[in-house]
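# Overview (structure and organization)
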Amino acid sequence: MLLANRTAVISGAATARGIGRATAELFAEHGARVAILDIDGDGAAAAAASLGPGHLGISCDVTNPESCRAAAAAVLDSFGHLDILINNAGITEPLKIMEITPANWQRVLDVNLAGVLHLSQAFIPHMRSRRQGSIACMSSVSAQRGGGIFGGPHYSAAKAGVLGLAKAMARELGPDGIRVNCVTPGLIQTDITGGRLTPEMKEEIRKGIPLGRLGEAIDVARIFLFLASDLSSYVTGAVIDVNGGMLIH
Ligand code: NAD
């Protein structure tokens, strides 16, 4: 039990096969009370209920600061305190550079990057007041290698922005006892690609992975568990690759 008596918020954890959901299940197994925040409020409630009693599912649009503040108030009202924030919500689109419209750019940057800022800002005052907390943020191998897997250049830019934002938060919040880290997964088998990743594309990607398989949501959930728990008590500003060796640098 690595998270006994801890409370955790995980954004983007409503989808059944998603990384957020696998993380919520693992955290609950390790004793945490979990609040699932998702733009799909019904899905969040159902996902929280599936974890057992004592967990929360709350509708929250991470692109909207007011929605984040309201969700934070509801979480703190119910849990009393928050130890862990997992900024996991994200979207992607397989566009080429000349296909990206201002609306595509805005939406992908808003959810993947501004969402990390808004939800973190909603909980930082509380974490500061307790002088403790662990924030982990979802980036991607796409940020490091310039895409070329599924998401377009706007997705790479957003996820690269997450790396800079998280490192800067780690520097600023360290003196307050708050750790901030990132994970950079390779291709993980979830539904984010909306069925647009064909078996042929998957096989082509698999050939370039030294461990010889695509990732599973639980592979990333275990790294979030490490970053959330005291196992990583002296780790902040770090970026942990979860990519089977797809990118070794
Ligand atoms: P997913 O689609 O299962 O999960 C994304 C979740 O985010 C969904 O539950 C969705 O409802 C939620 N969401 C979308 N917009 C939101 C908003 N505005 N506010 C709140 N919630 C919102 O996909 P996943 O693959 O589990 O993705 C989780 C994260 O991992 C994303 O940030 C994604 O970019 C990142 N990631 C995924 C992969 C991969 O290969 N699957 C690789 C690297 C990084």
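Residues numbered from 1 in each chain as written. Predicted model: local features only at pLDDT ≥ 70, side-chain atom pairs only at ≥ 80, totals over all residues. Heavy atoms only, no water.

For the protein chain, the name recorded in an unreviewed UniProt entry is SDR family oxidoreductase, with Elioraea tepida as its organism. Of the protein chain, the UniProt comment under Sequence similarities (unreviewed entry) reads exactly: "Belongs to the short-chain dehydrogenases/reductases (SDR) family." (UniProt positions renumbered as here; feature names shortened; annotations may be inferred.)

## Details of the pairing of strand β7 (residues 239–242)
Burial along β7 is one-sided: the face carrying I240 and V242 is buried and the face carrying V239 and D241 is not. In the sheet, strand β6 (residues 178–185) pairs with β7 via four bridges, with the strands oriented parallel. Bridge assignment links T184 to a residue of β7, and that residue is D241. (Buried < 20%, exposed > 50% of the residue type's maximum accessible area, 1.4 Å probe, protein only. Helix = DSSP H or I, 4+ residues; strand = E, 2+ residues; numbered from the N terminus. Pairing = 2+ DSSP bridges.)

## Overview of the environment of D40
Here D40 shows up in the loop between β2 (33–38) and α2 (41–51). Taking the relative accessible area as the measure of exposure, D40 reaches 38% and is therefore partly exposed. For the pair formed by D40 and P175, sequence separation is 135 residues and the distance between their alpha carbons is 35 Å. A distance of 3.4 Å separates a polar atom in the side chain of D40 from the backbone nitrogen of D42. In this structure the side chain of D40 is engaged in a polar contact, spanning 2.8 Å, whose partner is the backbone nitrogen of G43. (Polar contact = N/O pair within 3.5 Å; in protein donor to acceptor, adjacent residues only side chain to side chain.)

## Looking at the pattern of salt bridges
Scanning the model with the defined rule gives 12 salt bridges in all. A salt bridge links R130 to D83, with the shortest nitrogen-to-oxygen separation between them at 3.1 Å. In this pair, R130 is assigned in helix α4 (residues 102–130) and D83 in the loop between α3 (65–79) and β4 (84–87), connecting sequence segments 47 residues apart. Its relative accessible area of 28% is what places R130 among the partly exposed residues. The class of D83 is buried, set by a relative accessible area of 7%. Its salt-bridge partner being D176, residue R131 comes within 3.7 Å of it at the nearest N-O pair. Of this pair, R131 sits in the loop between α4 and β5 (133–138) while D176 is found in the loop between α6 (153–173) and β6, placing the two residues 45 residues apart along the sequence. Under the relative-accessibility criterion, D176 is labelled buried at 16%. (Salt bridge = Lys/Arg side-chain N within 4 Å of Asp/Glu carboxyl O.)

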